[in-house]
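Letter by letter, the chains look like this.
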Amino acid sequence: MCGRYASSRRPEDLVEEFEIVENRVPTPLPADWNVAPTKEVYAVVVRPPSRESEEPAQRQLRVLTWGLVPSWAKDPSIGNRMINARMETVAEKPAYRRAFATRRCLLPADGYFEWYPTEELTASGKPRKQPFFIRPKDHGTLAMAGLYEIWRDPTKADDDPERFRWTCTVITTDAEDSLGHIHDRMPLMVERERWAQWLDPTPADQASLLDLLEPAAPGRLEAYPVSTAVGNVRNNGPELVEPLPLAEP
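All figures in this text were calculated on a predicted structure; none of them were measured in a lab. (Residues numbered from 1 in each chain as written. Predicted model: local features only at pLDDT ≥ 70, side-chain atom pairs only at ≥ 80, totals over all residues. Heavy atoms only, no water.)

Caption draft 1: Structural view of helix H2 (residues 94–102). Within H2, burial applies to Ala 95, Tyr 96, Ala 99 and Phe 100. Along the axis of H2, the buried positions cluster into a sector of 105°, meaning they face one direction only. Exposed residues pointing more than 90 degrees away from the buried face of H2 are listed as Pro 94 and Arg 98. Buried residues in H2 make contact with strand E6 (84–86), strand E7 (104–109), strand E10 (142–152), strand E11 (164–174), helix H4 (195–199) and helix H5 (206–211). (Buried < 20%, exposed > 50% of the residue type's maximum accessible area, 1.4 Å probe, protein only. Helix = DSSP H or I, 4+ residues; strand = E, 2+ residues; numbered from the N terminus. Arc of directions from axis to C-beta. Contact = heavy atoms within 4.5 Å.)

Caption draft 2: Representation of unusual backbone geometry within the structure. Residue Glu 19 is not a glycine yet carries a positive backbone phi of 55°. Inspection of the secondary structure puts Glu 19 in the loop between helix H1 (11–17) and strand E2 (22–23). Given a relative accessible area of 53%, Glu 19 falls into the exposed group. Positive phi outside glycine occurs at Thr 38, with the angle close to 80°. Judged by its relative accessible area of 48%, Thr 38 falls in the partly exposed class.

Caption draft 3: Just the packing of aromatic side chains, in detail. A complete count under the given rule lists eight aromatic pairs for this structure. When the ring of Phe 113 is compared with that of Phe 133, the centres are 4.8 Å apart and the planes differ by 45°; the resulting orientation is tilted. Placement of the pair is Phe 113 in strand E8 (residues 111–121) and Phe 133 in strand E9 (residues 127–136), with a sequence separation of 20 residues. Considering the side-chain rings of Tyr 116 and Phe 132, the 6.3 Å spacing of their centres and the 85° angle between planes classify their relative orientation as edge-to-face. Placement of the pair is Tyr 116 in strand E8 and Phe 132 in strand E9, with a sequence separation of 16 residues. Judged by relative accessible area, Phe 132 falls into the buried class, the value being 15%. An aromatic cluster of at least three residues, connected via ring pairs, comprises Phe 113, Trp 115, Phe 133 and Tyr 224. One Lys or Arg, Arg 152, reaches over the ring of Phe 164 and ends 5.8 Å from the middle of that ring. (Phe/Tyr/Trp six-rings, centres within 6.5 Å; stacked < 30°, edge-to-face > 60°. Lys NZ or Arg CZ within 6 Å of the ring centre and 35° of its normal.)

Spelled out as structure tokens, the structure:
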């Protein structure tokens, strides 16, 4: 799974890198080195134009909440469990099927964290887990494949600007061989030349959409151990992605 990641890019940098036409970020998010479920995150989306508009669909940068709430959900707390969608079932599962058809997004990240069970045991007899940070070797931005939904809060009035909740999830797949020893799952990446197709809100057949998704090419990512402080969501700062000295893991 992907349960934590880092996102330190400024919105103006993401606007340039992802060729954003419409920046819908009301207030920039602070750099977050410990992004956890239910937090606000940046997402790249393409919204279909209104029926009255003659303007084409525009690529937007928005702020979404991590943890997808399906449009049909009665309770938004379901989003706490919907942080990852498996590539193998994303096109069929009721919770993700509609979003996969027309509401796909990119979730920019510096990298993500996974925990590796070591041979050392805790006081309770369980394997002690060592966190690793996984990022592009060139230190570029990961464009993680995601889905988003817009949930209408029935408790809010029609003129309440907060009546719609925008949420998202990360699509995962089997980890490529060089990373599989750390964790068996990893987030899916979308290559730059496929961004436009992936973001296109026009309905397309499932097979062609799934073909756009692939794990990062072997050797493109690097993984290294980091401080266990990342396990506490209250901790934040660039020190969380600093490599541990080789003697410490």
